[in-house]
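Examining the three-dimensional arrangement
In case you want the letters, here they are:
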Amino acid sequence: MGGDGTDRPPDDEAADGDLPRGSEPVALGHRLGQVCADLLSRVAVDGAGITVMGSLAGGLRGARDQIAAVGALSSRLEDLQLTTGEGPCLDAFARGVPVLTADLAAELGRWPGFAPSALAAGAAAVFSFPLQLGVVRLGTLDLYRTRSGGLSRSQLASALAAGDAVTEALLTDPDTDPGTGEDIGWLPGVHADVHIASGMLSARSGMDVGTALLRLRAHAFAHGEPLREVARRVIARTLDLTDPIHDDPRPTPDPEDDHP
Amino acid sequence: MLAERCIALLDVSAAGIILVDGQGRLSVAAASSERSRLLEVFAVAIDGGPCVDCVRTGEQQLCDDLTAADAQHRWPRYARGAVEAGFRATHALPMRLRDDVIGVLTLLHTRPHALSDIDARLGQALADAATIGLIHERALRRAETVQEQLQGALNSRIVIEQAKGVLAAESHLRSRTAVDPEEAFALLRRHARSHGQRLTDLARSLVERTVDPSVVLEG
């Protein structure tokens, strides 16, 4: 994990109620982090991440979490996909098939918002695999390389097998057991600051939280800044987005428009 | 449907599937007719029929003639009940998942009947197919549950974070002692507890402006 995401304590405080947890809060995340780490050598990628979401619509409005991330760019790529509302992870989730992009530079038209920013961040190839059983999808396994190049047959097989192993873990781990009610301590909450900032911006400006999130995303996209940094500045009151006129002298592209 | 296929393929009079739940209890999952269903229920209830033995041993339990002395001796109540219901032969085939027996495919005949080698193999193949279908169905049901749970947890997370932001910003706007998001969470939780509300519901009310933030900020 790129030094990030460890700055938040395990979020058992966010669980509804105060029932004691049945298992170690980090057990599942730790296991999945290991799966990601193993993939680096086996599939020859520079990073791997696991993003969970319950639906595409939910994922687009931020109801998603990155429960494991290995490699310097994994959390940045997740941040970018939430910012732009497009990218390989969302496509893999929406279509239920692997999205294999050996040369991201050749796919600028496919993801006009995501691809240039991902390239600028240092990603050259991205591979996303849906975590699914039948028609039920739980998220994606996302790999990237800092040099372009496709997966060999055996690398593809390893990645698919890893995706199945992650799905299996999500389906069988006690952390995700439905019996634990609304216990959400196993979710790291990587986008927590974005949602806190949305709430703050909503209270300060009167816009609803959905619109507030769009303002944050638009600012991040227009200024090439990570969404999570924008959120932190809003929380710290060093960035005021309540007045759209004074924020962006340039026209702000609406990332939502890029997604049908 | 599988029970009906058995009748067509194996020349049997009735067929049924009995499943074992996590606690080892047996229940009738499918039967080719209500008549055999009644008998299966009977077999489960008496805790001494071939299905029970099949689950326990993981082996096929073949009985060519229920009126024979050994059958009467092995499963006295089952044999009597089955014969009274009009059946003379019963074959129980295990539905195995690795080392576990998750169910039993039971074949019934109205005449004395020896299961041929080929029919025994075909019957076992059908039982195995049923096992695969069952495992898939269970896994899919579990996946759907996890997906719903995941969606609920993620939505819950979002709205709680948003409410923390709303409270923190409101405390600042109202020139109170400003609270940071973590302090806001403590206030949120305290208010929800003392009013017997679900945290997520309270958070949603704050975000949707149906509850005045000062109510929570003032404890």
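Just so we're clear, the structure is a prediction, and the values are computed from it rather than from any experiment.

Re the overall build of chain A
For chain A, the helix and strand inventory stands at 10 helices and five strands. Within chain A, contacts between residues separated by at least 24 positions form 69% of all contacts whose residues are at least 6 apart in sequence.

Describing the overall build of chain B
Scanning chain B for helices and strands turns up nine helices and five strands. For a compact globule of 219 residues, the expected C-alpha radius of gyration is about 17 Å, and chain B comes in at 30 Å, more than 25% above that figure. In terms of overall dimensions, chain B has C-alpha extents of about 90 × 30 × 30 Å along its principal axes. For chain B, buried positions account for 42% of its 219 residues.

Some details on the confidence of the model for chain B
Residues and elements named next belong to chain B. When the pLDDT values of chain B are averaged, the result is 86; 93% of them are 70 or greater. Considering each helix and strand of chain B separately, the mean pLDDT is smallest for helix 2 (residues 34-46), with a value of 60, and largest for helix 8 (residues 199-207), with 95. Quick note on the complex model: pTM equals 0.76, ipTM equals 0.82.

A closer look at the sheet that holds strand 3 (residues 61-63) of chain B
Residues and elements named next belong to chain B. Here five strands make up an open sheet; going across it, the order is 2-1-5-4-3 and the pairing antiparallel. The strands lining the two open edges of the sheet, one partner per strand, are strand 2 (26-31) and strand 3. On average, adjacent strands in this sheet sit at an angle of 20 degrees to one another, irrespective of strand direction. Note: strand 1 (residues 14-20) against strand 2, five bridges, orientation antiparallel. Pairing of Ile-17 across the sheet is with Ala-30, part of strand 2.

A few points about the sheet that holds strand 3 (residues 99-101) of chain A
All names here are of chain A. One open sheet holds the five strands; their spatial order is 2-1-5-4-3, and the pairing between them is antiparallel. Both outer strands of the open sheet, strand 2 (64-70) and strand 3, are each paired with one neighbouring strand and no more. Sheet twist, expressed as the mean angle between neighbouring strand axes with direction ignored, is 15 degrees. Along the sheet, helix 6 (residues 153-172) contacts strand 1 (47-53), strand 4 (125-133) and strand 5 (136-145); its crossing angle with strand 4, the most-contacted strand, is approximately 40 degrees.

What about the pairing of strand 5 of chain A?
The side chains of a regular strand alternate, residue by residue, between the two faces of the sheet. Residues and elements named next belong to chain A. Most of strand 5 is tucked away, with 10 of its 10 residues classed as buried. Both strand 1 and strand 5 contribute to a ladder of six bridges, which runs antiparallel. Across the sheet, residue Gly-49 finds its bridge partner in strand 5, namely Asp-142. With nine bridges joining them, strand 4 and strand 5 adopt antiparallel strand pairing.

Describing the domain arrangement of chain B
Size of an interface, as often reported, equals the accessible area lost when the parts are brought together. Its domain assignment divides chain B into domain 1 (2-115) and domain 2 (149-217). Taking only C-alpha atoms into account, the centre of domain 1 of chain B sits 58 Å from that of domain 2 of chain B.

A short note on the pairing of strand 5 (residues 100-109) of chain B
Residue and element names in this part refer to chain B. In terms of burial, strand 5 is a largely internal element, seven of the 10 residues being buried. Of the pairings in the sheet, the one linking strand 1 to strand 5 comprises six bridges and is antiparallel in character. Bridge pairing in strand 5 places Ala-14 opposite Leu-108. Bridging between strand 4 (residues 89-97) and strand 5 involves nine bridges; their strand directions are antiparallel. Residue pairing for strand 5: Pro-94 is matched across the bridge by Val-104. Linking strand 4 to strand 5, which pair antiparallel, is a turn of two residues; within it Arg-98 sits at a positive phi near 50 degrees.

Focus on the environment of A:Ser202
The residue A:Ser202 is located in helix 7 (residues 192-205) in this model. Residue A:Ser202 is classed as buried on the basis of its 24 C-beta neighbours within 10 Å. Put simply, A:Ser202 and A:Asp65 are 137 residues apart on the chain and 22 Å apart in space, counted from C-alpha to C-alpha. When residues no more than four places from it in sequence are discounted, the contact partners of A:Ser202 are A:Met207, A:Asp208, A:Val209, A:Ala212 and B:Val166.

Quick notes on unusual backbone geometry
Residue and element names in this part refer to chain B. With a phi close to 50 degrees, Arg-98 is a non-glycine residue in the positive phi region. Inspection of the secondary structure assignment puts Arg-98 in the loop between strand 4 and strand 5. Judged by the 5 C-beta atoms lying within 10 Å of it, Arg-98 is exposed. Residue Arg-209 is not a glycine yet carries a positive backbone phi of 65 degrees. In this fold, Arg-209 is placed in the loop between helix 8 and helix 9 (213-217).

Points about helix 9 (residues 227-235) of chain A
Every buried residue of helix 9 of chain A is accounted for by A:Leu227, A:Arg228, A:Val230, A:Ala231, A:Val234 and A:Ile235. In an axial view of helix 9 of chain A, the angular spread of the buried residues amounts to 155 degrees, which keeps them on one side of the axis.

Things to note about the interface of chain A and chain B
The interface is formed by 36 residues belonging to chain A together with 35 residues belonging to chain B. Counting residues per element, the ones that place at least two in the side of chain A that touches chain B are strand 1, strand 2, strand 5, helix 6 and helix 7 of chain A. Taken together, the residues of the side of chain A that touches chain B break down into 19 nonpolar, 11 polar and six charged.

Digging into the nonpolar core
With 92 residues, the main nonpolar core has A:Leu216 and B:Leu188 as its most contacted residues. Here this core takes 13 residues from helix 6 (residues 117-173) of chain B, the largest share from any one element. Aside from chain neighbours lying at most four places away, what touches B:Leu188 is B:Ala163, B:Lys164, B:Leu167, B:Leu199, B:Leu202, B:Ala203 and B:Val216. In this structure, B:Cys54, B:Val55, B:Cys63 and B:Ala89 belong to the second largest nonpolar core, which totals 34 residues.

How each quantity is defined
- Residues numbered from 1 in each chain as written.
- Chains lettered and ligands numbered in written order.
- Predicted model: local features only at pLDDT ≥ 70, side-chain atom pairs only at ≥ 80, totals over all residues.
- Helix = DSSP H or I, 4+ residues; strand = E, 2+ residues; numbered from the N terminus.
- Contact = placed C-beta atoms within 7 Å.
- Rg over C-alpha atoms; globule rule 2.2 N^0.38 Å.
- Buried ≥ 20, exposed ≤ 12 C-beta atoms within 10 Å, placed from the backbone.
- pLDDT = per-residue confidence, 0-100.
- Pairing = 2+ DSSP bridges.
- Axes fitted to C-alpha atoms, helices over the stretch in contact; angles between N-to-C directions.
- Domains from an automatic or database assignment.
- Arc of directions from axis to C-beta.
- Nonpolar A, V, L, I, M, F, W, Y, C, P; charged D, E, K, R; others polar.
- Core = buried A, V, L, I, M, F, W, Y, C linked by C-beta atoms within 7 Å.

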